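Observations on the model geometry
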Amino acid sequence: MTITEFEEKYYLHDSTIDKIEYDAENKTLKLEIDFCFWMQIWYEHGKPENGLIAVTFENVSFYEYEDYDPSKLFSDYTPEILQTEIENDMLILYTFKFVRYEPGEDLYPIMRIKAENVTVEEI
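The following refers to the structure shown. (Residues numbered from 1 in each chain as written. Predicted model: local features only at pLDDT ≥ 70, side-chain atom pairs only at ≥ 80, totals over all residues. Heavy atoms only, no water.)

With respect to the packing of aromatic side chains
If you walk through the whole model with that rule in mind, you get eight aromatic pairs. Taking the centre distance of 5.0 Å and the plane angle of 90° together, the rings of Phe35 and Phe37 count as edge-to-face. Of the two residues examined, Phe35 and Phe37, each falls in the buried class. By way of ring pairs, the aromatic residues Phe6, Tyr10, Phe35, Phe37, Trp42 and Phe57 are connected into one cluster. A cation sits over an aromatic face here: Lys9 above Trp42, 5.9 Å from the ring centre. (Phe/Tyr/Trp six-rings, centres within 6.5 Å; stacked < 30°, edge-to-face > 60°. Buried < 20%, exposed > 50% of the residue type's maximum accessible area, 1.4 Å probe, protein only. Lys NZ or Arg CZ within 6 Å of the ring centre and 35° of its normal.)

Considerations on the nonpolar core
Formed by 25 residues in total, the largest nonpolar core has its most connected members in Phe57, Met111 and Ile113. Of all the secondary structure elements, the ones that give two or more residues to this core are helix 1 (3–9), strand 1 (16–23), strand 2 (28–36), strand 3 (50–65), strand 5 (90–96) and strand 6 (110–122). When residues in this core are grouped by element, the largest group, six residues, is from strand 3. Apart from residues no more than four positions distant in its own chain, Ile113 is found in contact with Ile3, Leu29, Leu31, Phe57, Phe62, Tyr63, Met90, Leu91 and Leu93. (Core = buried A, V, L, I, M, F, W, Y, C linked by side-chain atoms within 4.5 Å. Helix = DSSP H or I, 4+ residues; strand = E, 2+ residues; numbered from the N terminus. Contact = heavy atoms within 4.5 Å.)

Observations regarding unusual backbone geometry
Of note in the backbone geometry, Lys27 takes a positive phi value of approximately 55° without being a glycine. Structurally, Lys27 can be placed in the loop between strand 1 and strand 2. One non-glycine residue, Asn88, lies in positive phi territory at about 55°. Within the secondary structure, Asn88 sits in the loop between strand 4 (80–87) and strand 5.

Some words on the layout of surface pockets
Approximately 150 Å³ is the volume found for the largest pocket. Its residues placed into classes, the lining of the largest pocket shows four nonpolar, no polar and three charged. (1 Å grid on protein atoms, 1.4 Å probe; cavity = no way out; pocket = protein on both sides within 12 Å on 5 of 7 lines; lining within 4 Å. Points joined across faces, edges and corners; volume = space filled by probe spheres on them. Nonpolar A, V, L, I, M, F, W, Y, C, P; charged D, E, K, R; others polar.)

Now the structure itself:
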């Protein structure tokens, strides 16, 4: 599916990113997401409410994640997805990093992805 179709079909609010694998040479980006199935319009009651999905972006022409430090990103937290949008054929994921209970300490890094194709697989 296209990146726009992905953004329209998968509501990512409150889901968390557990793992990022970016391969610049092969132009692929894989996100492992702890996904909120229950928030989808296509959710079937009685099925698992949450679960892991692998979202693979293929032929990635642009990828960046603000404040991303691969040595620290997932050692002490998993970023929560607040919202997504499409801008100039690019998927933008607004994420949240809880730092501590002090005003102004939390972080809101933004991930931007431009890719030709997206596949989603339950894992």
